[in-house]
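Architecture and fold: a report
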Amino acid sequence: MEKNAGYYFTLAEVALKAANYDEALGYMETGREINPNFMDWDLYEIYIWFNREDYYTVAELCHNYYEKDNQNVKVLEIWQEACEYLEWYKDVVGIGYAAIDLNTDNPEVYARNARAYALYNQYRDAIDCLEEVVDKYPDLNKDIEKLYYDLVTDDGHGGMEDANKSIEYAEKARSLGEFDWRMEYRDINMRMYIGDNDNAIKVAEEAIEKLKDVELDEDDAAMNPDLVFKWLIGKNMLLKREDHFCMPLDKEKTREAAENLRQTFEESMARNELDTQGCTLENLYTCYRLLGEYDEGIQFMTEAESKMDEDTKEALSDTINRLTGRLYVLKKDYAKARECILKDIKSIDLSQYHDYESDKMVTTENINEFKRINITPEVDRLRDVLVTLVEIPEIFTQEEREKSINDLLEFIEKVVELNLDGMDVMIPFVGHAIHYSPAITTDYERLYKIINSKFMKKMFANATEYYRDMYYKNLMRICAFMQKDNESKAYAKSYLNLINDKKYCIDKKVSFDEACKVARISNRIDIAALGTAYLYMGKIEDAKNTLLLMMMNSVCWFCDKSGCLEYYLLKAEIDIAEGNYEEAQKYLDEVEKTEWNNHEEIAASLKLYLKSKNLV
């Protein structure tokens, strides 16, 4: 038999299928030597190295090939895929567009470009890349759906219309017949985002039915998606009880939600699905709280813990203690509430912290022995303690609360005094401390001196948007409490600039105010932030207009309160600015009735301020 180039190509194919890559390369080289023109040996060599998963060599070979022939779209497609594996995302996009210019008919070229854009949070570029060809390649509908979802949830650029687009593309992808439980999960969340709870429930119910006929791989099965959907049904049933602004409680719907959630919890316990158990417990607490069935809630939490194995109990006991403690607070049984809450947070001592670099405890007395400290992991404990001191003041004496805050401030003052290097790790720590302290102490001069120091200004200048937001709005209020009106206005202006720098506004080239007026922003928390900035800048009428904007928007999709805390809070601050102190007190009391959960520390600080100035 003549051993020609075709013979060695056949041997190379056999070796390649057997994953004998060195043999395949050897046969390929022999075939190329016998007849260089038999086939495109360079492309075949690339193909062998790609199967070998040596993507660096593939990229190198593709580059060399492209230098000689820049018209081979197949080489570009393989090169782009290799670059994606290598995480060379700029190359992915450049090579992808070169393939598109050659009229590639491979939809994955577009999808890879989109994924590369998305990894740099350039979601709109990614979407544009796919929407141009989705009619030609319908399978890309799911890719576009996820990009719109990420635009809304991951990136912060998205608004209501983007959530609706995500839903639209999910429906198109679903119509193609392929079932993807992750897409159904995203779709439910987008429907919750726009307040379409009925259809969110419908999608979840249909997904549960479809899962019965789907064989999931081991990893997906371990995530128990049917339990996730059952929990989402209960959560949406709970959210349905609310009606636009006034949110009257529908006890029948709330009880239906509670029953659904109890069944989901029992099933998740039977299958040892911890994440679903934790989420369901939180929602069940809300049901019992809203219904005023505190004893029933405590009994449920107690019985649930008694049925847990040791591993589950270890994972969820803090959650159960916190929720049970809060139910005892609502019952006004403060002794039992304190017992439960302290099982969760352990202690309210804020005088010492664990330094994770030296593995030693650091205090005001010994901090000068450290060149730098890293107490970042202590932030969660700090926040838990501060939230507890502010939201459940009844379970501690005033002396206990003041001592905790004094110890905390002394520690921060020592950090400022020593001016330690590399202390950006303190940003979250200090941010929470300054945010919650005015709800417990009226020593505004002390707080101002700490947060307005050169050390803190320099530190927060490099902070993330979240902590710069916290920095400006707290300085804004503290200055107002001290009658430093010009400084308060200056910080309010900085706060407004930060609001206008939101990614959505940058994308659309609009101010945040403009974005709100065309209903692109659905979140009342963000609208209230705009009103607060206007108020402290002295623009009271503009602040009042944001109250109207809030009423034009439905309640926040994640809200589980019985009243709109953000509306009450902004209304109270406007009343304080206008000298209507009794009216302000009324709205601050309404904030407290909405069940402590988020931002109530601001209401507590305003009430303390009014009391300290004998204004009420």
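Criteria and thresholds
- What you see as residue numbers is a count from 1 along each chain, following the sequence as written.
- Note on the predicted model: pLDDT of at least 70 is required for a residue's local features to be given, and 80 or more for side-chain atom pairs to be given and counted; whole-chain, interface and lining totals, by contrast, use all residues.
- As a convention, hydrogens and water are excluded, and side-chain values are obtained from all of the structure's heavy atoms.
- A helix here means a DSSP run of H or I that spans at least four residues, while a strand means a run of E at least two residues long, and both kinds are numbered starting from the N terminus.
- Remark: exposure states derive from per-residue accessible area (1.4 Å probe, protein chains only) relative to the maximum for the residue type, with buried under 20%, exposed over 50%, and partly exposed in between.
- Salt bridge, as applied in this entry: a Lys or Arg side-chain nitrogen positioned within 4 Å of an Asp or Glu carboxyl oxygen.
- Where helices are involved, their axes are fitted lines through C-alpha atoms of the stretch in contact, as for all axes, and angles between N-to-C directions lie from 0 to 180°.
- Angular relationships are summarised with four words: roughly parallel below 35 degrees, roughly antiparallel beyond 145, roughly perpendicular across 65 to 115, and oblique for the angles in between.
- For any helix crossing, the convention is left-handed if the near helix is rotated counterclockwise from the far helix by under a right angle, and right-handed if that rotation is clockwise.
- In this analysis, two residues are considered to be in contact whenever any of their non-hydrogen atoms come within 4.5 Å of each other.
- In this classification, Asp, Glu, Lys and Arg are treated as charged, Ala, Val, Leu, Ile, Met, Phe, Trp, Tyr, Cys and Pro as nonpolar, and every other residue, Gly included, as polar.
- Take the buried residues of types Ala, Val, Leu, Ile, Met, Phe, Trp, Tyr and Cys, join any two whose side-chain atoms come within 4.5 Å, and each joined set is a nonpolar core.
- An expected span of 1.5 Å times one less than the residue number is assigned to each helix.
- In protein, a polar contact means a hydrogen-donor-capable atom and an acceptor-capable atom, both N or O and within 3.5 Å, with residues adjacent in sequence counting only if both atoms are side-chain atoms; elsewhere, any N or O pair within 3.5 Å suffices.
- Patch membership requires over 30% relative accessible area and the absence of a salt bridge. Like charges are linked within 9 Å, and nonpolar side chains (Val, Leu, Ile, Met, Phe, Trp, Tyr) within 5 Å.
- Only the protein chains shown count as cover for residues, and the accessible areas themselves come from Shrake-Rupley with a 1.4 Å probe.
- This count recognises Lys and Arg as positive and Asp and Glu as negative, with His and chain-terminal groups excluded.
- Charge placement uses NZ in Lys and CZ in Arg. For Asp and Glu, CG and CD serve respectively.
- Taking the helix axis as origin, the arc is that swept by the directions to the C-beta atoms.
- We call Phe, Tyr and Trp rings a pair once their centres come within 6.5 Å, taking the six-membered ring for Trp, and we label the pair stacked below 30 degrees between planes, edge-to-face above 60, and tilted otherwise.
- Whether a charge sits over a ring depends on NZ of Lys or CZ of Arg being within 6 Å of the ring centre and within 35 degrees of the ring normal.

Here we come to unusual backbone geometry. Of note, Asn272 is a non-glycine position whose phi angle comes to about 55°, a positive value. Within the fold, Asn272 resides in the loop between helix H15 (251-270) and helix H16 (274-291). When its relative accessible area of 44% is taken as the criterion, Asn272 is described as partly exposed. Of note in this structure, Asn614 is not a glycine but carries a positive phi near 55°.

Take the pattern of salt bridges next. Oppositely charged side chains are able to pair whenever their charged atoms sit close together. Counted by the stated rule, this structure contains 45 salt bridges. In this structure, the salt-bridge partner of Arg32 is Glu29, at a minimum N-O distance of 2.9 Å. Here Arg32 pairs with Glu29, and both are found in helix H2 (residues 21-34), just three residues apart, close to one helical turn. A residue is classified by how much of its surface remains accessible, and Arg32, at 18% relative accessible area, is buried. Under the relative-accessibility criterion, Glu29 is labelled partly exposed at 31%. With a shortest N-O distance of 3.4 Å, Glu178 and Lys142 are connected by a salt bridge. Highlighted residues: Glu178 in the loop between helix H10 (160-175) and helix H11 (181-193) and Lys142 in helix H9 (residues 141-155), separated in sequence by 36 residues. One connected set of salt bridges, linked through shared partners, spans Glu171, Arg174, Glu184, Asp187, Arg191 and Asp196.

Among the secondary structure elements, Glu402 is positioned in helix H21 (residues 398-418). Taking the C-alpha atoms as reference, Glu402 lies 30 Å from Leu316; in sequence the two are 86 residues apart.

So, on to the packing of helix H30 (residues 540-552) against helix H31 (residues 565-577). Running from N to C, H30 and H31 cross one another at 160°; their axes reach a closest spacing of 10 Å. The pairing of H30 with H31 is recorded here as roughly antiparallel in orientation. As H30 packs across H31, the resulting crossing turns out to be left-handed. Packed against H30, whose contacting residues are Ile540, Ala543, Lys544, Thr546, Leu547, Met550 and Met551, the element H31 presents Glu566, Tyr567, Leu570, Lys571, Ile574 and Ala577 at the interface. Considering only residue class, the contact of H30 with H31 consists of nine nonpolar, one polar and three charged.

Here we come to the nonpolar core. Side chains of a nonpolar character, in soluble globular proteins, are inclined to be buried together. With 139 residues, the main nonpolar core has Leu408, Phe411 and Phe429 as its most contacted residues. Apart from residues no more than four positions distant in its own chain, Phe429 is found in contact with Tyr353, Ile375, Val379, Leu382, Leu408, Phe411 and Ile412. With 51 residues, the next largest nonpolar core counts Tyr110, Ile127, Leu130 and Val134 among its residues.

Moving on, we get to helix H7 (residues 107-119). Under the 1.5 Å per step criterion, the end-to-end length of H7 is 19 Å for 13 residues, consistent within 8% with the ideal 18 Å. Where H7 is concerned, the buried positions are Val109, Tyr110, Ala111, Arg112, Asn113, Ala114, Ala116, Tyr117 and Ala118. Looking at where H7 begins, the residue whose side-chain oxygen comes 2.9 Å from the main-chain nitrogen of Glu108 is Asn106. A positive backbone phi angle near 60° is found at Asn121, which sits one or two residues after H7.

Tracing the chain through its elements places Asp311 in helix H18 (residues 310-331). C-alpha of Asp311 to C-alpha of Lys611: the two residues are 300 residues apart in sequence and 47 Å apart in space.

A cluster of like negative charges, contributed by Asp309, Glu310, Asp311 and Glu314, occupies part of the molecular surface. The exposure class of Asp311 is exposed, given its relative accessible area of 61%.

Here helix H26 (residues 485-500) crosses helix H29 (residues 524-536) at 150°, and the two axes come no closer than 8 Å. The angle between the axes of H26 and H29 places the two elements in the roughly antiparallel class. Between H26 and H29 lies a crossing whose hand is left-handed. Here Ser488, Lys489, Ala492, Tyr495, Leu496 and Ile499 of H26 come into contact with H29, specifically with Ala529, Leu530, Ala533, Tyr534 and Tyr536. Each residue belonging to the contact of H26 with H29 can be placed in one class, and the counts come to nine nonpolar, one polar and one charged.

Right, let's talk about H26 for a bit. The terminal C-alpha atoms of H26 lie 22 Å apart, and with 16 residues this matches the ideal 22 Å at 1.5 Å per residue to within 8%. What H26 keeps buried is the set Ser488, Tyr491, Ala492, Tyr495, Leu496, Leu498 and Ile499. The arc that holds every buried residue of H26, seen down its axis, measures 155°, which confines them to one face.

What follows concerns the packing of aromatic side chains. According to the stated counting rule, one finds 27 aromatic pairs in the structure shown. Geometrically, the ring pair formed by Phe460 and Tyr471 is stacked, given 4.8 Å between the ring centres and 20° between the ring planes. You can see Phe460 sitting in helix H24 (residues 454-461) and its partner Tyr471 sitting in helix H25 (residues 465-481), a full eleven residues away along the chain. Comparing Phe460 with Tyr471, the two get one shared label, buried. Members of the aromatic cluster, each reached through a chain of ring pairs, are Phe9, Phe38, Trp41, Tyr44 and Tyr47. Note that Lys172 overlies the ring of Tyr169, its terminal NZ or CZ placed 4.8 Å from the centroid.

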